[in-house]
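Structural description and commentary
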Amino acid sequence: MTVMQTKSSKRPGASRKEVTHERIVEVASRAIRRSGYDGTGVADIMKEAGLTHGGFYAHFASRDALLAEAGDRAGADAVALATKVAASAPPGQAVRAIMEAYLSPEHIASIERGCPVSALASEMPRQAPEVRHAATVHIKEMVDLLARQMPDWGQPQAHEQAMALLCSLIGTTMLARAVDDPKLSAALCAATVKQFLPAAE
């Protein structure tokens with residue numbers, strides 16, 4: 001089973017500045033999921049990236065610009081991974097595969113490398129417009145991806161079902177991470193899968 005955990009990617013032939021920029025964004029994309037937007041400081045990100053604080057403004061105009069780019073990276077990676085999960089599933093099983101990957105114990109435990117929306121949704125309303133926009137773009141992409149896997153793809157209800165499913169996946173993940181009872185966490189995930197699969201297959 002493919003698990004919803006993103007992995008870092010490097011572009012071949014990039015300049016030294018581009019490589020450094022990519023490293024900062026990669027570190028920040030993990031940091032915001034691990035510590036939240038408000039718990040992520042520029043100094044800490046630069047230190048984790050092995051760079052000095054003073055070099056930050058050679059790459060970003062502001063902290064919000066970094067948060068937006070980090071969120072965009074994390075969201076794009078999550079959508080790409082979900083797309084890969086769907087493509088690798090047997091015919092008619094894409095929704096099941098995405099649900100099982102998203103609600104897997106590994107994804108629940110891996111907030112730093114998992115879906116940024118389930119990690120950060122409660123903080124997004126208080127962020128700068130560019131940070132919220134980055135999240136919105138990839139939320140729409142996830143809705144579209146899920147809708148294309150529905151049996152009635154092409155009908156209005158397919159998008160409605162996809163939106164409801166995405167809301168349930170994100171909400172379930174947030175609750176499963178919030179509780180301190182492993183059995184309850186697993187039961188929440190199992191209940192969501194049970195409720196949605198009949199409508200999606």
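The model shown is predicted, which means the values in this text are computed figures rather than measured ones. What you see as residue numbers is a count from 1 along each chain, following the sequence as written. Restriction of local features to residues with pLDDT of at least 70 applies here, the model being predicted, together with a cutoff of 80 or more for giving and counting side-chain atom pairs; totals for whole chains, interfaces and linings are based on all residues. Hydrogens and water are ignored here; the side-chain numbers use all heavy atoms of the structure.

The numbering of helices and of strands both runs from the N terminus, where a helix is a DSSP run of H or I of at least 4 residues and a strand a run of E of at least 2. On the secondary structure map, L184 appears in helix α9 (residues 182–200). Under the scheme applied here, a residue whose accessible area is under 20% of the maximum for its type counts as buried, over 50% as exposed, and between as partly exposed, the area being computed with a 1.4 Å probe on protein chains only. The partly exposed category is assigned to L184, whose relative accessible area is 37%.

The next point concerns the UniProt feature "DNA-binding region" (unreviewed entry) in the protein. The feature "DNA-binding region" (unreviewed entry), as annotated in UniProt, sits at residues 41–60 in this numbering. The span residues 41–60 carries 35% helix and 0% strand; its end-to-end C-alpha distance comes to 14 Å. UniProt positions are given in the numbering used here, feature names are shortened, and annotations may be inferred rather than shown by experiment.

Turning next to the UniProt feature "domain: HTH tetR-type" (unreviewed entry) in the protein. Here, the residues flagged by UniProt with the feature "domain: HTH tetR-type" (unreviewed entry) are residues 18–78. Note that residues 18–78 is 67% helix and 0% strand, and that its end C-alpha atoms are spaced 22 Å apart.

A few words on the packing of aromatic side chains. Any Phe, Tyr or Trp ring, taking Trp's six-membered ring, that has another such ring centre within 6.5 Å forms a pair; planes under 30 degrees apart are called stacked, those over 60 apart edge-to-face, and the others tilted. Overall, the coordinates contain two aromatic pairs when judged by the stated rule. Relative to Y57, the ring of F56 lies with its centre 4.9 Å away and its plane at 90 degrees, an arrangement referred to as edge-to-face. Classification of F56 as buried rests on a relative accessible area of 0%. Judged by its relative accessible area of 58%, Y57 is exposed. Clustering of aromatic rings is evident, with ring pairs tying together F56, Y57 and F60.

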